[in-house]
Amino acid sequence: MVSGGNEVKIRVTGDATDARRAIDSTMKGVKDLAERTRALAIGMVAVGGAITAAFAMSVKSASSLAEAVNAADVTFGEFSSTIQDFAKTSATSFGISNRAANEYAATLGGILTASGLTQKASADLSVEILTLAADLASVRDMRIEDALRSIRSGLVGEVEPLRRVGVLLNAAAVETKAFKMGLADANSELTEGAKVQARYALIAEQLGEQGVIGDASRTADSFANRQRQLSATIEEAAGAIGVSLIPVLEPLLGLLTDAAAKVSEWATEHPRLTNVLVIGTAALAALSLAAGGFLLILPGLIAGVGALGTAAGVASIGINAMLGPIGLVTLAIGVMGGAFATNMFGMR
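Please read all numbers here as calculations on a predicted model, not as lab measurements.

What counts, and where the lines are drawn
- Residues numbered from 1 in each chain as written.
- Predicted model: local features only at pLDDT ≥ 70, side-chain atom pairs only at ≥ 80, totals over all residues.
- Heavy atoms only, no water.
- Helix = DSSP H or I, 4+ residues; strand = E, 2+ residues; numbered from the N terminus.
- Contact = heavy atoms within 4.5 Å.
- Areas by Shrake-Rupley, 256 points an atom, 1.4 Å probe, with all protein chains shown as cover.
- Axes fitted to C-alpha atoms, helices over the stretch in contact; angles between N-to-C directions.
- Parallel < 35°, antiparallel > 145°, perpendicular 65-115°, else oblique.
- Nonpolar A, V, L, I, M, F, W, Y, C, P; charged D, E, K, R; others polar.
- Buried < 20%, exposed > 50% of the residue type's maximum accessible area, 1.4 Å probe, protein only.
- Polar contact = N/O pair within 3.5 Å; in protein donor to acceptor, adjacent residues only side chain to side chain.
- Salt bridge = Lys/Arg side-chain N within 4 Å of Asp/Glu carboxyl O.
- 1 Å grid on protein atoms, 1.4 Å probe; cavity = no way out; pocket = protein on both sides within 12 Å on 5 of 7 lines; lining within 4 Å.
- Points joined across faces, edges and corners; volume = space filled by probe spheres on them.
- Phe/Tyr/Trp six-rings, centres within 6.5 Å; stacked < 30°, edge-to-face > 60°.
- pLDDT = per-residue confidence, 0-100.
- Expected span 1.5 Å × (residues − 1).
- Core = buried A, V, L, I, M, F, W, Y, C linked by side-chain atoms within 4.5 Å.

A. Here's a closer look at the overall build of the protein chain. When helices and strands are tallied, the protein chain shows 12 helices and two strands. Counting from the amino terminus, helix and strand elements in the protein chain follow one another as β-β-α-α-α-α-α-α-α-α-α-α-α-α. Sequence separation of 24 or more characterises 66% of the internal contacts of the protein chain that already satisfy a separation of 6 or more. With an accessible surface of roughly 21300 Å², the protein chain has 64% of that area assigned to carbon and sulfur atoms.

Right, here's the structure in full:
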C-alpha cells in the first residue's frame, strides 16, 4: 500500500493460470462437440440421400423394364418369348441388361416388321442383330448402343456409320446378295424386307471376315466386357428391388395425384392466399439456407468465441478478486478515502 497526501492506491494481483486452462479445456470440448455434431448431421443427410437415390433408381429401373417388355410384347406378339429368353442371360453373356435387350429388340422389330418381315422372323433376326452388336462392341471397344446404332443404320440403307467399322454397302451388292439368298429373282423388284435381310447378311459377312462374330463370348473375361456385365447386372438388381417397391408406391402415387389435383383446384380458387403462401415458403427456404450456412461455420465461430471466452474468464477472475472479502474491504476503504478527500457528505 502506498499513500501520499489524500490519495490511497491499492494493488490486487492473482494467478489465473488454472482458471484459464479450465476455460480453454471447456471451449475445446464445446468446439469438438460442434464438429462431431456437424459431421454426424452431414453423414445422416448423405446416408438418407443415398438410400433415397437408390430406391428412386430401383423404381425407375423396374418401371423402365416393364415399359420395355411391354414394347417387345406389342412388337413381336406371341413371339416375344424369343426376346425374353435372350434377355434372361444377356446381362452376364453380353453386358446387355434385360431392359436394354427388350428396348433394343423392340426398336429393331419396328424396323423389321415395317419392312414386311413377319413377327417371328423379326424376333429371330433381332436376337441375331443384338448378338452381333455385342460382338462388334467387344472388338471395337464401343458402347453396345453405338455398335447397334451402326448396324441399324445399315439395315435401312445408311452406309456411313458402317464405314467407320469397316463395312461397305452399296445398292448393287445388296441386290446381288438378295438374289443369291433367293429373296427375289431377276425379273422382280426387291421388296424392302428383302433389302433389309440382304443388307444384314452383308454386314454379318463382312464383320465375320474381320473376326468380330463370337468375340463377346471369347473375351467375356476381359476387363471391358466385365465392366459391361457388371453394369447390366447392377441395373437388373436395381430393377428386381424396384419390382418389390412399385406395389407399395402405387397407392401412394394415387393419393399424391389426388392431393395435387385438390391443391391445384384450391390454388385456382384462392389466388391471393396462394401468393401469400408462395412468398412465405420462399422466405422459409431462404431462412433455411441461411441457417444451414450458419451451422457450417458454427465450429469456426465457436473457436473464436472460445478465445474471447478465455479473455473474459481472466477478466472475471480480477472482478471476483475485487468482489471477494478482501476486495470488498479494499473497495470500501477506497470509497471512504475518496469521500474524505473530497469532503463528500461533509465528512471533514
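B. A look at the packing of helix 5 (residues 144-155) against helix 8 (residues 192-209). Close contact between helix 5 and helix 8 brings their axes to 8 Å; oriented N to C, the two are set at 135 degrees. Looking at the two axes, helix 5 sits oblique to helix 8. Note on element contacts: helix 8 touches helix 5 through Val196, Arg199, Tyr200 and Ile203, opposite Ile151, Gly154 and Leu155. When the residues that make up the contact of helix 5 with helix 8 are grouped by side-chain class, the tally is five nonpolar, one polar and one charged.

C. Here's a closer look at the side chain of Gln229. Along the chain, Gln229 falls in helix 10 (residues 223-269). Judged by its relative accessible area of 7%, Gln229 falls in the buried class. A distance of 3.1 Å separates a polar atom in the side chain of Gln229 from a polar atom in the side chain of Arg226. Other than its neighbours up to four places away in sequence, Gln229 contacts Ala91, Thr92, Ser93, Gly95 and Ala220.

D. Quick peek at the pattern of salt bridges. Tallied over the full model, the rule gives 13 salt bridges. Here Arg143 and Asp146 are joined by a salt bridge, their closest N and O atoms 3.2 Å apart. Each of Arg143, Glu145, Asp146 and Arg149 takes part in a single network of salt bridges with overlapping partners.

E. Region of the structure containing empty space enclosed by the protein. Evaluation of the coordinates by the stated rule reveals one cavity of 30 Å³ or more. Estimated volume of the largest cavity: approximately 40 Å³. Ser93, Phe94, Gly95, Ala134, Ala216, Asn225, Arg228 and Gln229 are the residues that line the largest cavity. The set of elements that each furnish at least two residues to the lining of the largest cavity consists of helix 2 (80-94) and helix 10. Per-class residue counts for the lining of the largest cavity are three nonpolar, four polar and one charged.

F. Broad picture of the packing of aromatic side chains. Counted under the stated rule, the structure contains one aromatic pair. Judged by centre distance (5.8 Å) and plane angle (20 degrees), the ring pair of Phe86 and Phe94 falls under stacked.

G. Region of interest: the confidence of the model for the protein chain. Put simply, the protein chain has an average pLDDT of 79, and 74% of its residues get 70 or more. When mean pLDDT is taken per element in the protein chain, helix 4 (residues 119-140) scores highest with 96 and helix 12 (residues 325-341) scores lowest with 47. In this model residues 307-337 is a low-confidence stretch, pLDDT under 50, and it forms 15 contacts with partners more than four residues away in sequence or in other chains.

H. Fine view of unusual backbone geometry. A positive phi angle is found at Asp141, which is not glycine, with a value near 55 degrees. For Asp141, the location among the structural elements is in the loop between helix 4 and helix 5.

I. Focus on helix 8. Along its 18 residues, helix 8 runs 26 Å from first to last C-alpha, staying within 8% of the 26 Å computed at 1.5 Å per residue. Along helix 8, the residues classified as buried are Gly193, Ala194, Val196, Ala198, Arg199, Tyr200, Ala201, Leu202, Ile203, Ala204, Gln206 and Leu207. For helix 8, the elements touching its buried residues are helix 3 (98-114), helix 4, helix 5, helix 6 (160-163) and helix 7 (171-180). A positive phi of about 80 degrees marks Gly211, the residue just after helix 8.

J. Summary view of the environment of Gln197. Counting through the fold element by element, Gln197 comes out in helix 8. Spatially, the C-alpha atom of Gln197 lies 8.9 Å from that of Leu112, the residues being 85 residues apart in sequence. Apart from the residues lying within four places of it in its own chain, the contact partners of Gln197 are Leu117, Met181 and Leu183.

K. Spotlight on the nonpolar core. Grouped together as the largest cluster of nonpolar side chains are 48 residues, with contacts concentrated most on Ile96, Ile129, Leu132, Leu136 and Ile203. Mapped by element, the contributors of at least two residues to this core are helix 1 (17-76), helix 2, helix 3, helix 4, helix 5, helix 7 and helix 8. Counting residues per element, this core draws most heavily on helix 4, at 10 residues. If we skip the residues at most four places from it in the chain, Ile129 touches Leu108, Leu148, Ile151, Leu155 and Tyr200.

L. Seen up close, the side chain of Gln206. With respect to the element layout, Gln206 can be found in helix 8. Looking at Gln206, the relative accessible area reads 18%, which means it is buried. Looking at Gln206, its side chain comes within polar contact range of the main-chain oxygen of Leu168, at 2.8 Å. Once residues within four sequence positions are removed from consideration, Gln206 is found in contact with Gly166, Val167, Leu168 and Leu169.

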